[in-house]
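# Structural description and commentary
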Amino acid sequence: MENQSDLRARTLMEALPYIRRFAGQTIVVKYGGHAMVDEELKESFALNLILLRTVGIYPVVVHGGGPQIGNLLKRLDIESEFVDGMRVTSPEVMDVVKMVLIGEVNTSIVAMLNQHGGNAVGLSGHSAGLVQAEKLKLTKRVKDGQPPEIVDLGLVGKPMTVNPQVLQTLEHGKFIPVIAPVGQGPDGESLNINADLVASALASGLRAQKLVLLTDTPGVMGDKQNLISEMTKVQARELMDKQTVTGGMIPKLNCCLDALDHGVASAHIIDGRAKNALLLELFTDQGVGTILKG
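Described below are features of the structure shown in this document. (Residues numbered from 1 in each chain as written. Predicted model: local features only at pLDDT ≥ 70, side-chain atom pairs only at ≥ 80, totals over all residues. Heavy atoms only, no water.)

### Digging into the overall build of the protein chain
Each helix and strand counted, the protein chain has nine helices and 14 strands in total. The C-alpha atoms of the protein chain give a radius of gyration of 19 Å, which matches the 19 Å a tight globule of 294 residues would have. Projected onto its principal axes, the C-alpha coordinates of the protein chain cover approximately 65 × 45 × 35 Å. Here the protein chain, with 294 residues, has 48% of them falling under the buried criterion. Within the protein chain, counting contacts between residues at least 6 apart in sequence, those at least 24 apart form 74% of the total. When the accessible surface of the protein chain is totalled, it reaches about 14,700 Å², and 51% of it is carbon and sulfur. (Helix = DSSP H or I, 4+ residues; strand = E, 2+ residues; numbered from the N terminus. Rg over C-alpha atoms; globule rule 2.2 N^0.38 Å. Buried < 20%, exposed > 50% of the residue type's maximum accessible area, 1.4 Å probe, protein only. Contact = heavy atoms within 4.5 Å. Areas by Shrake-Rupley, 256 points an atom, 1.4 Å probe, with all protein chains shown as cover.)

### Observations regarding the side chain of Ser200
By the element assignment, Ser200 lies in helix H6 (residues 195-206). When sequence neighbours within four positions are dropped, the list of residues in contact with Ser200 reads Leu211, Cys255, Asp258 and Ala259.

### Points about the packing of helix H3 (residues 66-75) against helix H4 (residues 91-115)
Helix-helix packing: each pair is described by the crossing angle between the helix axes and the interaxial distance. As a packed pair, H3 and H4 sit with axes 9 Å apart at the nearest point and diverge in direction by 125°. Between H3 and H4, the crossing angle belongs to the class labelled oblique. Handedness of the H3/H4 crossing: right-handed. Residues Gln68, Ile69, Leu72 and Leu73 of H3 touch H4, and the partners they reach there are Val93, Val96, Val97, Met99, Val100, Leu101, Glu104 and Val105. (Axes fitted to C-alpha atoms, helices over the stretch in contact; angles between N-to-C directions. Parallel < 35°, antiparallel > 145°, perpendicular 65-115°, else oblique. Left-handed = near helix turned anticlockwise from the far one by under 90°.)

### Looking at the layout of surface pockets
Which parts of space are left empty comes out when a probe the size of a water molecule is rolled across the atoms. One number sums up the size of the largest pocket: a volume of about 1,500 Å³. Together, 50 residues line the largest pocket, and Ile193, Asn194, Ala195, Asp196 and Leu197 are the ones closest to its centre. Residue assignment for the lining of the largest pocket shows that the elements contributing at least two residues are H3, strand E4 (86-87), strand E6 (131-140), strand E7 (149-162), H6, strand E11 (210-215) and helix H8 (249-261). Broken down by class, the residue content of the lining of the largest pocket amounts to 22 nonpolar, 19 polar and nine charged. (1 Å grid on protein atoms, 1.4 Å probe; cavity = no way out; pocket = protein on both sides within 12 Å on 5 of 7 lines; lining within 4 Å. Points joined across faces, edges and corners; volume = space filled by probe spheres on them. Nonpolar A, V, L, I, M, F, W, Y, C, P; charged D, E, K, R; others polar.)

### Concerning the side chain of Ser266
Note that Ser266 resides in strand E13 (residues 266-271). One polar contact links Ser266 to Lys210, side chain to side chain, over a distance of 3.1 Å. Looking at Ser266, its side chain comes within polar contact range of the side chain of His268, at 3.1 Å. With near-sequence residues (within four places) excluded, Ser266 lies in contact with Gln209, Lys210, Leu211, Leu260, Ile291, Leu292 and Lys293. (Polar contact = N/O pair within 3.5 Å; in protein donor to acceptor, adjacent residues only side chain to side chain.)

### Let's talk about the packing of aromatic side chains
Counted by the stated rule, this structure contains two aromatic pairs. Ring centres 3.9 Å apart and planes at 5° place the aromatic pair Tyr31 and Phe45 in the stacked group. With a gap of 14 residues between them, Tyr31 in strand E1 (residues 26-31) and Phe45 in helix H2 (residues 39-54) connect regions that are remote in the sequence. Accessibility assignment for this pair places Tyr31 and Phe45 in one class, buried. (Phe/Tyr/Trp six-rings, centres within 6.5 Å; stacked < 30°, edge-to-face > 60°.)

### Some words on H3
Considered for burial, the residues of H3 that qualify are Gln68, Ile69, Leu72 and Leu73. Seen from one end, H3 has its buried residues packed into an arc of 135°, which puts them on one side. The exposed residues of H3 that point more than 90 degrees off its buried face are Pro67, Lys74 and Arg75. Structurally, H3 contributes buried residues whose contacts are with E4 and H4. Where H3 ends, the next residue or the one after it, Asp77, has phi of about 60°, a positive value. (Arc of directions from axis to C-beta.)

### What to know about empty space enclosed by the protein
One pass over the structure, following the stated rule, counts one cavity of 30 Å³ or more. Each pocket or cavity is described by its volume, and for the largest cavity that value is around 60 Å³. Residue lining of the largest cavity: Ala35, Leu41, Ser44, Phe45, Asn48, Leu214, Gly272, Ala274, Asn276, Ala277 and Leu278, and that is the complete set. Elements with a contribution of two residues or more to the lining of the largest cavity: H2 and helix H9 (277-283). Of the residues assigned to the lining of the largest cavity, the class counts are seven nonpolar, four polar and no charged.

### What about the pattern of salt bridges?
Applying the stated criterion across every chain yields a total of ten salt bridges. Note that Asp196 is salt-bridged to Lys252, the shortest N-O span being 2.8 Å. One end of the pair, Asp196, is in helix H6; the other, Lys252, is in helix H8, and 56 residues separate them in sequence. Among the ionic pairs, Lys293 bridges to Glu230, the shortest N-O distance being 3.9 Å. With Lys293 in strand E14 (residues 289-293) and Glu230 in strand E12 (residues 230-232), this residue pair connects regions lying 63 residues apart in the sequence. On the basis of relative accessible area, Lys293 is assigned to the partly exposed category, the value being 38%. (Salt bridge = Lys/Arg side-chain N within 4 Å of Asp/Glu carboxyl O.)

Dropping the structure here:
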């Protein structure tokens, strides 16, 4: 029977080839869901990132903050509506979005990383023109024979171009960039962008080795509710066409597919509710989610 010392040694040996393979590579991580609110998971996530940086891997973090935005809007008695899962963002709501994402969530993540011995720097899409965006136009289907309806979501954007130079400078300076998903519009205005979209765009612009999306699900589930540990782009598109995958998993898969189409080697949708999920996915044979490859 394997004792605890043997188990720890075997775990380290299993991690070694992965550490060698990914040293010097960039990994973009979208941080959100339960991993952002549970104190134990927050600490393990911070330590995971610091370990990655210590062994020569370059993590870049993009965070969400939807629940925190909703809570402050409620406290301020500001109405907010959703269309197809996207928050309609008026100028008044945008002020709250920036206050929460840049002033509260980003600052707290940076402080947490630095408290545990990391060197983190907080950024937004406005930093050195990091994320140039345009307004997102939502097209809704209507009855047959009628033209589609264009829905105005207000100050909601989608990434158009990214400036990887500022992140590359920070990476080689041994810093961990932490990015709030607020983009810069064509007239300098702030645009509220889905964090998965920002993470995918940055992974593409950086030619990252991996894009990792932390979720509150085990990963991508098959038609028998079985976890699919690995899939190709073709298989992912088939799952969506057959409606095996529905709801919020569809935009996540599309973000992964877009990153793969733009040179990212692999994309991962993992269970952020698992302690040390990032290390388990990157440094063990089994992982804790779904990996997509070309």
